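# Results of the structural survey
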Amino acid sequence: MCSTCGCGGHAALISGRAMRREPRATPLTYRPAEAAPASAELAESRVVEVERDLLARNDTQAAANRAWLSARGIFALNLVSSPGSGKTTLLVRSIEQLAGRLPVSVIEGDQQTEFDAERIRATGAPAVQINTGRGCHLDARMVAQALERLAPPHDSLLFIENVGNLVCPAAFDLGEAHKVVVLSVTEGEDKPLKYPDMFRAADLMILNKCDLLPYVEFDAERAEAYARRINPKLQVLRLSATNGAGMPDWLDWLLAGAARAHSAG
Amino acid sequence: MHELSLAENVLQLITDAARNEGFSRVKTVQLEIGQLACVEPEALAFAFESVARGSLAESARLEIISTPGLGRCADCGQTVAMAVLYGLCPACGSAALQIVAGDRMRVKELEVE
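These figures come from a predicted structure and were not determined experimentally. (Residues numbered from 1 in each chain as written. Chains lettered and ligands numbered in written order. Predicted model: local features only at pLDDT ≥ 70, side-chain atom pairs only at ≥ 80, totals over all residues. Heavy atoms only, no water.)

## Section: the sheet that holds strand β1 (residues 26-34) of chain B
Taken together, four strands build an open sheet; the order of strands is β3(A)-β6(B)-β1(B)-β2(B) and the sheet is mixed. Where the open sheet ends on each side, the last strands, each with one partner, are β3 (46-53) of chain A together with β2 (61-67) of chain B. Between one strand axis and the next, the sheet turns by 20 degrees as a mean value, whatever way the strands run. By the bridge criterion, six bridges tie β3 of chain A to strand β6 (residues 105-112) of chain B in an arrangement that is antiparallel. When the bridges of β6 of chain B are listed, V48 of chain A appears paired with L110 of chain B. Relative to the sheet, helix α1 (residues 2-21) of chain B contacts β3 of chain A together with β1 and β6 of chain B, its axis offset from that of β3 of chain A by approximately 130 degrees. Helix α2 (residues 41-51) of chain B rests against β1 and β2 of chain B of the sheet, and its axis sits at about 150 degrees to β1 of chain B. (Pairing = 2+ DSSP bridges. Helix = DSSP H or I, 4+ residues; strand = E, 2+ residues; numbered from the N terminus. Axes fitted to C-alpha atoms, helices over the stretch in contact; angles between N-to-C directions. Contact = heavy atoms within 4.5 Å.)

Okay, here's the thing in structure tokens:
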């Protein structure tokens, strides 16, 4: 389904290939009732209880992804942010610095292009690109199919880089251990208040591009305070993927999480 | 625009119910959307209209029950009304409010024939 006008042009691609269609439960045609009523007016209405969550299907698939990952000791992170916060650069630098210590693979989500997956592959790490077409977020089904192609090794780290969007990805559990929200200092420090769903859904906030703090009007203390107002348990790390400041703490955080996933797997 | 995915999920839940309960037309869809749920009810209704076209729920009436947000303050223990996610506890000023109600998005019931 096209997200712009509902025209049915579903275009999500995994590694450039069309996603498998899930069999539709019903062809959505009218079904003649057992004893068809003479006319619509005579049809008797009744009430059917459903009581199911709108995200029930996604949540079921996410739980299956989580079980799959956990059985293999894979530490999976869902990275979310606005476009341009530096997620891909952060991933590239993290992969380079983890080389020889922890195998890393990546699922990249973007509306179009393979650019980000290519940047990841240039580091030697395997990457699968999901193109969501006009879609604005990854969902658990896309990630399940990407995992089949990627086949990440046991006891490894998996980064899922979501579509750059601070709104929609908040609602969709992918089966990750944590959502990590990346906020860069070239954005507004009030973003946690403007996009509270995402900051509430995350367990860790990375304040990126901190090397630019002397040149921009960004109050890092205030950004952290706003984020903790939305999510008092949020952990925060300040770093610069470009000049490397703060990277050791982030790498320690990753290694500790991977060690926990390993012992649990 | 994730409202469109959510609308597709509503239709999927309806078609699942149609298979289990044996109905062929939906007159009313009753949804519970919490005040703190991450969906805009107006946008969801608009998206549903387009995804339901040609289905057994075409031109079904969408009834949205908006449940109020409630939070429990981790610091003073009070249960307080929460209209927004960045609210502060009116009793003690703490930001440590945990949502206890008002973040659900559910299909509650259908009027069918």
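So, next bit.
## With respect to the nonpolar core
Counting residues in each nonpolar core, the largest one holds 35 residues, and the members touching the most others are I14, F23, V26, V29, F48, V107 and L110 of chain B. Among the secondary structure elements, those contributing two or more residues to this core are β3 of chain A together with α1, β1, α2 and β6 of chain B. The biggest single contributor to this core is α1 of chain B, with nine residues. When near neighbours in sequence (up to four residues on either side) are disregarded, I14 of chain B contacts F23, V26, V29, F48, L56, A57 and L110 of chain B. One finds F75, L90, I95 and L157 of chain A within the second-largest nonpolar core, a separate group that totals 31 residues. (Core = buried A, V, L, I, M, F, W, Y, C linked by side-chain atoms within 4.5 Å. Buried < 20%, exposed > 50% of the residue type's maximum accessible area, 1.4 Å probe, protein only.)

## Structural notes on unusual backbone geometry
Residue and element names in this part refer to chain A. The backbone of S15 shows a phi angle near 50 degrees, a positive value even though the residue is not glycine. Looking at where S15 falls in the secondary structure, it is placed in the loop between β1 (13-14) and β2 (17-18). Accessibility expressed as a relative area gives 24% for S15, which makes it partly exposed.

## A closer look at the interface of chain A and chain B
The interface of chain A with chain B comprises 40 residues on the first partner and 50 residues on the second. A combined buried area of about 4,300 Å² lies between chain A and chain B, and 56% of that area is made up of carbon and sulfur atoms. There are five salt bridges connecting chain A and chain B. Residue D16 of chain B is joined to R57 of chain A by a salt bridge in which the shortest nitrogen-to-oxygen separation is 3.7 Å. One can count 15 residue pairs in polar contact (both at pLDDT 80 or more) joining chain A with chain B. Contributing elements (two or more residues each) for the side of chain A that touches chain B: β3, α6 (196-201) and α7 (220-230) of chain A. Here the side of chain A that touches chain B takes eight residues from β3 of chain A, the largest share from any one element. Considered class by class, the residues forming the side of chain A that touches chain B number 21 nonpolar, five polar and 14 charged. (Buried area = accessible area lost by both parts, 1.4 Å probe. Salt bridge = Lys/Arg side-chain N within 4 Å of Asp/Glu carboxyl O. Polar contact = N/O pair within 3.5 Å; in protein donor to acceptor, adjacent residues only side chain to side chain. Nonpolar A, V, L, I, M, F, W, Y, C, P; charged D, E, K, R; others polar.)

## Quick look at the sheet that holds strand β6 (residues 127-131) of chain A
All names here are of chain A. One open sheet holds the nine strands; their spatial order is β2-β1-β6-β5-β7-β4-β8-β9-β10, and the pairing between them is mixed. Edge positions in the open sheet fall to β2 and β10 (235-238), since each of these has one partner strand only. Those strands touched by α7 are β8 (178-184), β9 (204-208) and β10, and its axis lies near 160 degrees from that of β10.

## Re helix α2 (residues 87-98) of chain A
All names here are of chain A. Taking 1.5 Å as the rise per residue, α2 with 12 residues should run 16 Å; its terminal C-alpha atoms sit 16 Å apart, in good agreement. Considered for burial, the residues of α2 that qualify are K87, T88, L90, L91, V92, S94, I95 and L98. Downstream of α2 by one or two residues, G100 has phi in the positive range, about 85 degrees. (Expected span 1.5 Å × (residues − 1).)

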